[in-house]
Amino acid sequence: MSAQDEKRNAAEAAVKYIEENTIVGVGTGSTVNCFIDALEPIKHLIDGAVSSSVASTERLEAMGIRVYDLNTVDHIPVYVDGADESDAGLNLIKGGGGALTREKIITAVAQKFICIADQSKLVPVMGAFPLPIEVIPMARSYVARELVKLGGDPVYRDGFKTDNGNIILDIHGLQITDPKGLETAINQITGVVTNGLFAHRGADVLLLGRGDDVETVLPQ
Ligand code: 5RP
(Lines give C-alpha, C1' and ligand atoms only; values in the text may rest on other atoms or scores of the structure.)
Protein backbone atom coordinates (compact mmCIF):
# COMPACT_ATOMS: atom_id res chain seq x y z
CA MET A 1 0.00 0.00 0.00
CA SER A 2 1.54 3.33 -1.10
CA ALA A 3 1.50 6.62 0.81
CA GLN A 4 -0.94 7.90 -1.81
CA ASP A 5 -3.32 5.00 -1.06
CA GLU A 6 -3.03 5.75 2.67
CA LYS A 7 -3.83 9.42 2.02
CA ARG A 8 -6.88 8.43 0.00
CA ASN A 9 -8.13 6.05 2.71
CA ALA A 10 -7.71 8.72 5.40
CA ALA A 11 -9.46 11.29 3.21
CA GLU A 12 -12.42 8.99 2.58
CA ALA A 13 -12.70 8.28 6.32
CA ALA A 14 -12.98 12.04 6.98
CA VAL A 15 -16.15 12.31 4.89
CA LYS A 16 -18.04 10.45 7.64
CA TYR A 17 -17.45 13.40 10.00
CA ILE A 18 -19.25 15.89 7.77
CA GLU A 19 -22.62 17.10 8.97
CA GLU A 20 -25.40 17.54 6.41
CA ASN A 21 -26.50 21.05 5.44
CA THR A 22 -23.37 22.69 6.82
CA ILE A 23 -20.33 24.45 5.43
CA VAL A 24 -17.21 22.29 5.39
CA GLY A 25 -13.74 23.74 6.01
CA VAL A 26 -11.26 22.50 3.41
CA GLY A 27 -7.48 22.70 3.69
CA THR A 28 -4.75 22.39 1.09
CA GLY A 29 -2.40 19.75 -0.29
CA SER A 30 -2.28 16.35 -1.92
CA THR A 31 -4.16 14.63 0.92
CA VAL A 32 -6.85 17.30 0.83
CA ASN A 33 -7.12 16.83 -2.93
CA CYS A 34 -8.14 13.23 -2.14
CA PHE A 35 -10.67 14.60 0.33
CA ILE A 36 -12.14 16.96 -2.27
CA ASP A 37 -12.45 14.01 -4.66
CA ALA A 38 -14.22 12.07 -1.88
CA LEU A 39 -16.78 14.89 -1.53
CA GLU A 40 -18.17 14.21 -5.01
CA PRO A 41 -20.83 11.64 -3.97
CA ILE A 42 -22.11 13.75 -1.04
CA LYS A 43 -21.70 17.26 -2.45
CA HIS A 44 -25.49 17.72 -2.74
CA LEU A 45 -25.80 17.15 1.02
CA ILE A 46 -23.61 20.12 2.07
CA ASP A 47 -24.22 23.86 1.84
CA GLY A 48 -20.73 24.48 0.52
CA ALA A 49 -17.19 25.03 1.71
CA VAL A 50 -14.68 27.55 2.95
CA SER A 51 -11.22 27.03 1.51
CA SER A 52 -7.68 27.70 2.69
CA SER A 53 -6.14 28.34 -0.72
CA VAL A 54 -6.73 29.41 -4.28
CA ALA A 55 -5.78 25.89 -5.40
CA SER A 56 -8.42 24.19 -3.22
CA THR A 57 -11.03 26.80 -4.17
CA GLU A 58 -10.47 26.11 -7.85
CA ARG A 59 -10.77 22.38 -7.28
CA LEU A 60 -13.95 22.71 -5.23
CA GLU A 61 -15.59 25.07 -7.70
CA ALA A 62 -14.68 22.81 -10.62
CA MET A 63 -16.68 20.14 -8.82
CA GLY A 64 -19.66 22.45 -8.46
CA ILE A 65 -19.22 23.07 -4.73
CA ARG A 66 -19.94 26.63 -3.66
CA VAL A 67 -17.02 28.29 -1.86
CA TYR A 68 -17.94 30.95 0.69
CA ASP A 69 -15.90 33.94 1.82
CA LEU A 70 -15.00 33.19 5.44
CA ASN A 71 -16.24 36.64 6.44
CA THR A 72 -19.78 35.54 5.62
CA VAL A 73 -19.57 32.36 7.72
CA ASP A 74 -19.62 31.99 11.48
CA HIS A 75 -20.20 28.26 11.85
CA ILE A 76 -17.85 25.57 10.54
CA PRO A 77 -18.58 22.30 12.35
CA VAL A 78 -15.70 20.43 10.66
CA TYR A 79 -12.41 21.47 9.07
CA VAL A 80 -10.39 18.83 7.21
CA ASP A 81 -6.74 19.35 6.37
CA GLY A 82 -3.44 17.49 6.04
CA ALA A 83 -0.15 18.00 7.86
CA ASP A 84 3.57 17.71 7.26
CA GLU A 85 4.19 16.24 10.72
CA SER A 86 2.17 15.43 13.82
CA ASP A 87 3.30 14.41 17.28
CA ALA A 88 1.29 12.28 19.69
CA GLY A 89 -0.36 15.39 21.15
CA LEU A 90 -1.67 16.20 17.64
CA ASN A 91 0.50 19.31 17.55
CA LEU A 92 1.22 19.78 13.86
CA ILE A 93 3.69 21.23 11.43
CA LYS A 94 1.80 22.59 8.43
CA GLY A 95 2.58 24.85 5.52
CA GLY A 96 4.54 22.59 3.21
CA GLY A 97 2.20 23.91 0.52
CA GLY A 98 2.51 27.46 1.83
CA ALA A 99 -1.14 27.87 2.85
CA LEU A 100 -0.47 27.96 6.61
CA THR A 101 -1.95 31.36 7.42
CA ARG A 102 -5.33 30.77 5.82
CA GLU A 103 -5.33 27.26 7.28
CA LYS A 104 -4.71 28.64 10.75
CA ILE A 105 -7.50 31.18 10.36
CA ILE A 106 -10.02 28.49 9.42
CA THR A 107 -8.92 26.21 12.26
CA ALA A 108 -9.57 29.12 14.62
CA VAL A 109 -13.19 29.31 13.45
CA ALA A 110 -13.86 25.57 13.12
CA GLN A 111 -15.35 23.53 15.91
CA LYS A 112 -13.59 20.29 15.00
CA PHE A 113 -10.27 19.98 13.15
CA ILE A 114 -9.85 16.58 11.47
CA CYS A 115 -6.30 16.00 10.26
CA ILE A 116 -5.81 13.43 7.49
CA ALA A 117 -2.44 11.88 6.68
CA ASP A 118 -0.47 8.82 5.69
CA GLN A 119 1.39 7.02 8.47
CA SER A 120 4.76 8.69 7.73
CA LYS A 121 3.45 11.97 9.17
CA LEU A 122 3.17 10.78 12.81
CA VAL A 123 6.57 11.29 14.49
CA PRO A 124 7.87 11.18 18.08
CA VAL A 125 9.38 14.71 17.91
CA MET A 126 8.61 17.23 15.16
CA GLY A 127 11.28 19.17 13.31
CA ALA A 128 12.72 16.84 10.67
CA PHE A 129 10.28 18.57 8.30
CA PRO A 130 11.42 22.22 8.03
CA LEU A 131 8.99 24.54 9.83
CA PRO A 132 7.39 27.06 7.40
CA ILE A 133 7.08 30.70 8.46
CA GLU A 134 5.05 33.23 6.42
CA VAL A 135 6.87 36.57 6.46
CA ILE A 136 6.18 40.08 5.14
CA PRO A 137 8.73 40.42 2.30
CA MET A 138 10.58 43.50 3.64
CA ALA A 139 11.16 41.75 7.00
CA ARG A 140 12.81 38.66 5.50
CA SER A 141 16.42 39.26 6.61
CA TYR A 142 15.48 40.57 10.06
CA VAL A 143 13.16 37.64 10.72
CA ALA A 144 15.81 35.18 9.50
CA ARG A 145 18.35 36.61 11.99
CA GLU A 146 15.84 36.32 14.83
CA LEU A 147 15.04 32.72 13.87
CA VAL A 148 18.74 31.85 14.07
CA LYS A 149 18.70 33.16 17.66
CA LEU A 150 15.90 30.64 18.37
CA GLY A 151 18.22 27.86 17.22
CA GLY A 152 16.95 27.31 13.69
CA ASP A 153 18.46 27.44 10.25
CA PRO A 154 16.04 29.46 8.07
CA VAL A 155 16.04 28.90 4.31
CA TYR A 156 14.25 31.23 1.89
CA ARG A 157 11.70 29.32 -0.22
CA ASP A 158 13.00 30.59 -3.53
CA GLY A 159 10.48 31.67 -6.15
CA PHE A 160 7.44 31.06 -3.93
CA LYS A 161 4.80 33.63 -3.02
CA THR A 162 1.85 32.84 -0.72
CA ASP A 163 -1.77 33.53 -1.68
CA ASN A 164 -1.39 36.58 0.60
CA GLY A 165 1.58 37.96 -1.36
CA ASN A 166 4.21 37.08 1.25
CA ILE A 167 7.33 34.90 1.34
CA ILE A 168 8.12 31.70 3.23
CA LEU A 169 11.17 30.91 5.36
CA ASP A 170 11.55 27.19 6.12
CA ILE A 171 13.38 26.55 9.39
CA HIS A 172 15.64 23.51 9.34
CA GLY A 173 17.38 21.81 12.23
CA LEU A 174 14.72 22.10 14.92
CA GLN A 175 13.80 19.49 17.53
CA ILE A 176 10.38 20.72 18.64
CA THR A 177 9.91 19.53 22.21
CA ASP A 178 7.83 22.57 23.27
CA PRO A 179 5.48 23.22 20.32
CA LYS A 180 3.27 25.77 22.11
CA GLY A 181 6.26 27.73 23.42
CA LEU A 182 7.95 27.81 20.02
CA GLU A 183 4.72 28.76 18.24
CA THR A 184 4.34 31.73 20.59
CA ALA A 185 8.00 32.77 20.39
CA ILE A 186 8.07 32.81 16.58
CA ASN A 187 4.83 34.74 16.34
CA GLN A 188 6.35 37.45 18.56
CA ILE A 189 8.92 38.33 15.88
CA THR A 190 7.87 41.48 14.06
CA GLY A 191 7.30 40.76 10.38
CA VAL A 192 6.11 37.19 10.93
CA VAL A 193 2.55 36.75 9.67
CA THR A 194 2.27 33.33 11.28
CA ASN A 195 4.18 30.09 11.60
CA GLY A 196 3.32 26.55 10.65
CA LEU A 197 3.13 25.18 14.18
CA PHE A 198 -0.45 24.29 15.02
CA ALA A 199 -0.06 23.66 18.75
CA HIS A 200 -2.25 26.18 20.58
CA ARG A 201 -4.97 24.95 18.25
CA GLY A 202 -3.88 21.50 17.11
CA ALA A 203 -5.99 18.77 15.55
CA ASP A 204 -8.87 17.21 17.46
CA VAL A 205 -8.62 13.93 15.55
CA LEU A 206 -5.91 12.49 13.32
CA LEU A 207 -7.10 9.97 10.72
CA LEU A 208 -3.93 8.10 9.82
CA GLY A 209 -3.78 5.80 6.83
CA ARG A 210 -1.81 2.71 7.89
CA GLY A 211 -1.68 0.01 5.27
CA ASP A 212 -5.26 -0.93 4.43
CA ASP A 213 -6.55 0.56 7.69
CA VAL A 214 -7.27 4.04 8.97
CA GLU A 215 -6.28 4.60 12.57
CA THR A 216 -8.20 7.19 14.59
CA VAL A 217 -5.64 8.96 16.78
CA LEU A 218 -6.77 11.27 19.59
CA PRO A 219 -4.45 13.78 21.33
CA GLN A 220 -2.42 12.29 24.21
C1 5RP B 1 -0.33 23.05 3.04
C2 5RP B 1 -0.31 22.10 4.17
C3 5RP B 1 -0.54 20.66 3.86
O4 5RP B 1 -1.61 20.21 4.62
C5 5RP B 1 0.70 19.88 4.20
O6 5RP B 1 1.80 20.43 3.49
C7 5RP B 1 0.55 18.41 3.83
O8 5RP B 1 0.49 18.27 2.45
P9 5RP B 1 0.26 16.88 1.74
O10 5RP B 1 -1.14 16.45 2.05
O11 5RP B 1 0.47 17.19 0.27
O12 5RP B 1 1.29 15.91 2.26
O13 5RP B 1 -0.12 22.44 5.30
O14 5RP B 1 0.02 24.35 3.46
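Residues numbered from 1 in each chain as written. Predicted model: local features only at pLDDT ≥ 70, side-chain atom pairs only at ≥ 80, totals over all residues. Heavy atoms only, no water.

Draft legend 1. Just the site of the ligand, in detail. As a structural note, the neighbourhood of the ligand is formed by 17 residues, with Ser 30, Thr 31, Asp 84, Gly 95 and Lys 121 the closest of them. One of the side-chain nitrogen or oxygen atoms of Asp 84 is found 2.6 Å away from an oxygen atom of the ligand. Take Ala 99: an N or O atom from its main chain is 3.1 Å from an oxygen atom of the ligand. When the ligand sits alone it has 380 Å² of accessible area, and the protein chains cover 91% of it. The residue inventory of the shell around the ligand, partitioned by class, reads two nonpolar, nine polar and six charged. (Near = heavy atom within 4 Å. Polar contact = N/O pair within 3.5 Å; in protein donor to acceptor, adjacent residues only side chain to side chain. Areas by Shrake-Rupley, 256 points an atom, 1.4 Å probe, with all protein chains shown as cover. Nonpolar A, V, L, I, M, F, W, Y, C, P; charged D, E, K, R; others polar.)

Draft legend 2. Inspection of the sheet that holds strand β10 (residues 192-195) at higher detail. On the basis of which strands lie adjacent, the open sheet formed by four strands has the order β8-β9-β7-β10 and antiparallel pairing. This sheet does not close on itself; its edge strands, each paired only once, are β8 (153-156) and β10. On average, each strand axis in the sheet is inclined to that of its neighbour by 30°, with strand direction left out of account. Sheet analysis places strand β7 (residues 131-135) next to strand β9 (residues 167-172), joined by five bridges and oriented antiparallel. (Pairing = 2+ DSSP bridges. Helix = DSSP H or I, 4+ residues; strand = E, 2+ residues; numbered from the N terminus. Axes fitted to C-alpha atoms, helices over the stretch in contact; angles between N-to-C directions.)

Draft legend 3. Quick look at the sheet that holds strand β4 (residues 85-86). Overall, antiparallel pairing links the three strands, which are arranged β4-β5-β11 in an open sheet. Strands at the two margins of the open sheet, each flanked by one partner only, are β4 and β11 (197-198). When β4 meets strand β5 (residues 92-93), the two strands line up antiparallel, connected through two bridges. Looking at the pairing, Ser 86 lines up with Leu 92 of β5.

Draft legend 4. How the structure looks around the packing of aromatic side chains. Counted by the stated rule, this structure contains one aromatic pair. Geometrically, the ring pair formed by Tyr 79 and Phe 113 is tilted, given 5.3 Å between the ring centres and 50° between the ring planes. Placement of the pair is Tyr 79 in strand β3 (residues 78-81) and Phe 113 in strand β6 (residues 112-118), with a sequence separation of 34 residues. With respect to class, Tyr 79 is no different from Phe 113; both count as buried. (Phe/Tyr/Trp six-rings, centres within 6.5 Å; stacked < 30°, edge-to-face > 60°. Buried < 20%, exposed > 50% of the residue type's maximum accessible area, 1.4 Å probe, protein only.)

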